[in-house]
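The residues making up each chain are set out below.
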Amino acid sequence: MNWDDVRFFLAVYRAGTLRGAAQRLALDQTTVGRRLTGLERTLGSRLFLRTKGGLTLTDSGRQVLPTAENMERLAVSFERLSEGADERVAGEVRVTTTDALAVDFVVPAIERLRTTHPDIRVILSTTTRLLDLARREADVAVRTLRPEQPDLIVRQLGRWEVGLYATQGYLERHGEPHPDEGFAGHDIALYQEGVTGRQDDTLAGVPRGQGRVVAELDSSLMLATFVRAGLALGELPDYLAQHDRRLVRVWPDRHRATPYEAWLVLHQDLAHTARVRVVVEAISDAFAR
C-alpha cells in the first residue's frame with residue numbers, strides 16, 4: 001500500500017468531488033481519480049459512492065475514516081516535531097486570521113517583519129472559517145474566539161468593548177437614536193447570519209426591532225467599511241474609533257454584553273521553531289502597539 005494515498009482519500013472526503021480534491025491538492029483531477037482507484041483496488045473495497053450530489057462514503061469508507069484521520073495527525077505531528085529544532089529564521093509561515101484583524105494588525109506586523117527578517121515568507125489566509133492547526137492548515141492563527149484544544153498554545157492579544165458607532169454625517173441626517181424608541185427611523189448594518197454567535201436582536205444592549213436593516217455583511221472589515229461610509233449604525237470594537245476620526249460613538253456608556261477579543265494560537269510542536277517564533281513576536285508586538 002502507498003500510504004500517501006490516504007491523503008488523497010481524505011481530500012476527496014472533505015471536498016466531496018474529485019475536482020474539489022484536485023484543487024485542494026494542487027493536482028489534476030485525473031491524478032486524484034487514479035490514486036483513489038488504486039487505493040480502492042489495494043483495499044479490495046469501494047470507499048465512495050458516485051451520486052448526483054458528489055462522492056459520499058460507503059460503509060467501508062466510513063469504517064476507515066477515523067484511522068485515516070489518525071494517520072494524518074501522526075504525519076503532521078512528525079513534520080512539526082522535525083521542524084521544532086530548526087533555528088533558521090527563514091522559510092514559510094502560514095498565518096490565518098479575519099480580514100479586519102489582518103488589515104489592522106497582522107499586515108502591519110508583516111511589514112515590520114520584512115525589514116528585520118527578509119527571508120521569512122508569510123502565507124496569509126483571511127477567512128472566518130477556523131482553519132485546523134492540528135492538520136497544518138495554518139501554523140499561526142489570530143482568532144476572535146478562544147480555542148479549547150489541549151495541544152494548542154493560546155495567548156490573548158486584545159480585548160475591547162463593542163459600542164454603537166456612526167459617522168457625524170449620518171447623525172446629522174438622521175439624528176441620534178433614542179434608547180426607548182427601538183431605533184425607529186434609523187438604518188442598521190449587521191453581520192450575516194452565521195458569521196458570529198455574538199450578534200443578537202440588540203445593538204449596544206438596546207432592542208433594535210424598529211430599525212431598518214439596510215445591509216448584512218459577511219466580515220468585520222465590511223461592517224466597519226459600511227459604517228465608515230455613513231450608511232448606517234453598527235456595532236464595532238472601540239479600538240477602531242481610536243484610529244478613525246470619522247467614527248462617533250453613540251451612547252458611550254452602553255456596550256454589547258460580550259467584548260471583541262483577539263487570541264493568538266499555535267500548535268505546541270511549533271513553539272520553538274525559529275521562523276514561527278519571530279512571526280508570533282511580530283504579531284504580538286503589533287497588538288501591543
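Here the residue numbering is sequential within each chain, running from 1 through the sequence in written order. Local features in a predicted model are, by the rule used here, given only for residues with pLDDT of at least 70; side-chain atom pairs are given and counted only at 80 or more, and totals for whole chains, interfaces and linings are based on all residues. For the side-chain quantities, the full set of heavy atoms in the structure was used; hydrogens and water were omitted.

**Student:** Give me the sheet that holds strand β7 (residues 162-167): which residues, what numbers.
**Tutor:** One bridge is not enough; two strands pair if DSSP finds at least two bridges between them. Numbering of helices and strands runs from the N terminus; a helix is a DSSP stretch of H or I covering at least four residues, while a strand is a stretch of E covering at least two. Reading across from one edge, β12-β7-β13 is the order of the three strands in this open sheet, with antiparallel pairing throughout. With one partner strand each, in any of the chains shown, β12 (234-237) and β13 (247-250) form the two edges of the open sheet. Averaged over all pairs of adjacent strands, the angle between strand axes in this sheet comes to 55°, irrespective of strand direction. Bridge count for β7 against β13 is four bridges, and the pairing is antiparallel. Across the sheet, the residue bridging to A166 is V248, located in β13. Strand contacts of helix α7 (residues 220-228): β7, β12 and β13, with the helix running at about 115° to β12, the strand carrying the most contacts. Lines fitted to C-alpha atoms define the axes here, with helix axes fitted over just the stretch in contact, and angles between the N-to-C directions of these axes take values from 0 to 180 degrees. Note on definitions: a residue-residue contact is assigned when non-hydrogen atoms from the two residues lie within 4.5 Å.

**Student:** If you had to explain the confidence of the model for the chain to someone new, which residues and values would you point to?
**Tutor:** In regions of low pLDDT, the predicted coordinates are not meant to be interpreted in detail. Of all residues in the chain, 97% have pLDDT values of 70 or greater, and the mean over the chain is 89. When mean pLDDT is taken per element in the chain, β7 scores highest with 96 and helix α4 (residues 59-83) scores lowest with 81. Per-residue confidence from the predictor is reported as pLDDT, which spans 0 to 100.

**Student:** Summarise the pattern of salt bridges; cite the residues concerned and give the values.
**Tutor:** Think of it this way: side chains of opposite charge can pair up when their charged atoms draw near. Salt bridges are defined as contacts in which a side-chain nitrogen from Lys or Arg sits within 4 Å of a carboxyl oxygen from Asp or Glu. Here the structure, examined in full by the defined rule, presents 14 salt bridges. For E92, the salt bridge goes to R121, with nearest N and O atoms at 2.1 Å. Placement of E92 in strand β3 (residues 91-97) and of R121 in strand β4 (residues 120-126) is noted, with a sequence separation of 29 residues between them. A simple rule labels every residue: compare its accessible area, found with a 1.4 Å probe on the protein chains alone, to the largest value its type can have, and call it buried under 20%, exposed over 50%, or partly exposed in between. For R121, a relative accessible area of 49% corresponds to the partly exposed category. A salt bridge links R94 to D139; the shortest N-O distance between them is 3.8 Å. Placement of R94 in strand β3 and of D139 in the loop between β4 and β5 (140-143) is noted, with a sequence separation of 45 residues between them. The class for R94 is partly exposed, based on a relative accessible area of 23%. For D139, a relative accessible area of 1% puts it in the buried group.

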